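Overview (structure and organization)
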Amino acid sequence: MRNPAARKTASRNWKHPFAGSAGLIAALVTVAAMAPDAGAVTPVPAAKPASRGDIVIEEFAPSVQLVAGIPVPVKKRDVPEGYVASKPELVLYSQLPAKDYFGAANGPAPLKSRSIGSYAKGCLAGGAALPKDGPTWQVMRLSRNRNWGHPELIDYLEDLAKDAPKVGWNGLLVGDLAQPRGGPMTSGHASHQIGLDADIWLTQMPGRRLSGQEREEVSAISMLIGPLDVKNADRRVDPRKWTDTHARLIRRAASDKRVARIFVNPTIKKALCDFEKSRDRAWLAKIRPWWGHHYHFHVRLSCPAGSVGCKNQNPPPPGDGCGANLTYWLSDEPWVPKNPPKPGEKPKVVKKRPMALAALPRDCRSVLTAN
Ligand SMILES: [Zn+2]
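Residues numbered from 1 in each chain as written. Predicted model: local features only at pLDDT ≥ 70, side-chain atom pairs only at ≥ 80, totals over all residues. Heavy atoms only, no water.

1. Some words on the coordination of the zinc ion
Within the protein, His192 (NE2), Asp199 (OD) and His298 (ND1) serve as the donor atoms for the zinc ion, at 2.1 to 2.4 Å. Each donor residue of the zinc ion belongs to the same chain, and together they define the spacing H-x6-D-x98-H. The same class applies to His192 as to Asp199, namely buried. (Donors = N, O, S within 2.8 Å, 3.2 Å for Na, K, Ca; no water. Buried < 20%, exposed > 50% of the residue type's maximum accessible area, 1.4 Å probe, protein only.)

2. Notes on the pattern of salt bridges
Within this structure, the stated rule accounts for 21 salt bridges. Of the charged contacts, one joins Asp163 and Arg252 as a salt bridge, the two residues approaching to 2.7 Å between their closest N and O atoms. Note that Asp163 is positioned in helix H4 (residues 151-163) and Arg252 in helix H6 (residues 244-254), a separation of 89 residues in sequence. Measuring nitrogen to oxygen at the nearest pair gives 2.9 Å for the salt bridge that ties Glu276 to Arg251. One end of the pair, Glu276, is in the loop between helix H7 (266-275) and strand E12 (287-289); the other, Arg251, is in helix H6, and 25 residues separate them in sequence. Given a relative accessible area of 26%, Arg251 falls into the partly exposed group. One salt-bridge network, in which partners are shared between bridges, spans Lys132, Asp133, Arg209 and Arg215. (Salt bridge = Lys/Arg side-chain N within 4 Å of Asp/Glu carboxyl O. Helix = DSSP H or I, 4+ residues; strand = E, 2+ residues; numbered from the N terminus.)

3. Quick look at unusual backbone geometry
Backbone geometry at Asn232 places phi at a positive 55°, although glycine is not the residue there. Take Asn232: its relative accessible area is 67%, and that puts it in the exposed class. Although it is not a glycine, His293 sits at a positive phi angle of roughly 55°. Locating His293 in the fold gives a position in the loop between E12 and strand E13 (296-301). Since its relative accessible area comes to 6%, His293 is described here as buried.

4. Considering H6
Counting buried positions along H6 gives eight out of eleven residues, so the element sits mostly inside the fold. The set of residues buried in H6 consists of Thr245, His246, Ala247, Leu249, Ile250, Arg252, Ala253 and Ala254. Looking at the buried residues of H6, the elements they touch are H4, strand E9 (172-174), strand E11 (259-264), H7, E12 and E13. (Contact = heavy atoms within 4.5 Å.)

5. With respect to the state of the cysteines
Scanning all chains against the criterion turns up three disulfides. The side chain of Cys273 participates in a disulfide bridge whose partner is Cys322; the two sulfur atoms lie 2.0 Å from each other. Note on the Cys273 and Cys322 pair: the S-S dihedral is about -85°, so by sign convention the disulfide is left-handed. You can see Cys273 sitting in helix H7 and its partner Cys322 sitting in the loop between E13 and helix H8 (324-329), a full 49 residues away along the chain. (Disulfide = S-S within 2.5 Å.)

6. What about the packing of aromatic side chains?
Across all of its chains, the model carries five aromatic pairs by this definition. Considering the side-chain rings of Trp291 and Trp335, the 4.8 Å spacing of their centres and the 80° angle between planes classify their relative orientation as edge-to-face. Here Trp335 lies in the loop between H8 and helix H9 (363-369) and Trp291 lies in the loop between E12 and E13, a separation of 44 residues in the sequence. As far as the burial class goes, Trp291 and Trp335 line up, both buried. Between Trp329 and Trp335, the ring centres sit 6.1 Å apart and the planes meet at 55°, which makes this aromatic pair tilted. Judged on exposure class, the residue Trp329 and its partner Trp335 are both buried. Site record: aromatic cluster; members linked through ring pairs are Phe263, Trp290, Trp291, Trp329 and Trp335. (Phe/Tyr/Trp six-rings, centres within 6.5 Å; stacked < 30°, edge-to-face > 60°.)

7. Some thoughts on the nonpolar core
Ranked by size, the top nonpolar core spans 45 residues in total, and within it Leu172, Trp242 and Phe297 carry the most contacts. Looking at this core, the elements with two or more residues in it are strand E7 (137-139), H4, E9, strand E10 (197-201), H6, E11, H7 and E13. With six residues, H4 is the single largest residue contributor to this core. When sequence neighbours within four positions are dropped, the list of residues in contact with Leu172 reads Thr136, Trp137, Gln138, Leu157, Leu160, Ala161, Ala164, Ile200, Met205 and Leu249. Membership of the second largest hydrophobic core comes to 18 residues, among which are Leu90, Leu92, Tyr101 and Ala109. (Core = buried A, V, L, I, M, F, W, Y, C linked by side-chain atoms within 4.5 Å.)

Put into structure tokens, the structure is as follows:
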């Protein structure tokens, strides 16, 4: 949704309304628990993190401060008085926000590739970068440095990009994957933490290379016909923007056994349900309605083999998901606030504490300190 405050309200309303239907509750709770927005590729070393003790300040974002010559991503009050590092090291404070540490690392952890933890609480060892350009893809928003993932995700994206023209899609514009070492992000998503999530724009790649500046500034296009959070809203995709080619691309994206789920706006799920005329509707089970996701779709892979400590979600419920669950998503119920703020009343803002480093799996510390 366009308005985060409205989204919060809608989200609150949305948690209860299924008193009558256990199946639907299970389906929705599964998705709710793993809110998507709650990297053959050789790992690319970004700067030159060589041996431990060779941490270079330029590798870190400006939010990191130097303490005794050591980059420490903390606020001043958190640094013990008179702290002197005996040797260069990255000091990990378990109560500090994990995003400060992971957001500051701009190269991958040179370890065996492994997705650690769960999609919204974990990190990534041995991350690989999706090159910013391929024959049929271009990475957007390069300044964010979020084109990193488990190598299996990079392979998947390259395969999808290769097949895109076969379904009539010129090529992929790729949005956020993960930070070089995964973990919570400095802004945006709650998930995308373990290198298995990727956002793909619902806009085709143009027939030319976009400049760096264009990749920062070009806007994605919403598929919605209008706002969703008003009573009796027309909750459909806009037929002037949505095409069968969009549907064919998403079908191809879902029809890959590495994919666990794809998150799309409920209006897009509906369009896909209507699009598939054949009897092979199995792929639709993976297409999950969710908030937002009308500018891009969000692919989530299952834990790759060998990722010890990687936690899959429960598989999506059986069936194509085009029935009662979707009808609910397209009704006023999840979208229209029950108690809208009265005129002059400020909407309540709920502040969430950022996730502390301590909340992440223990192995994520080694991911931060590996050099
Ligand atoms: Zn996403």
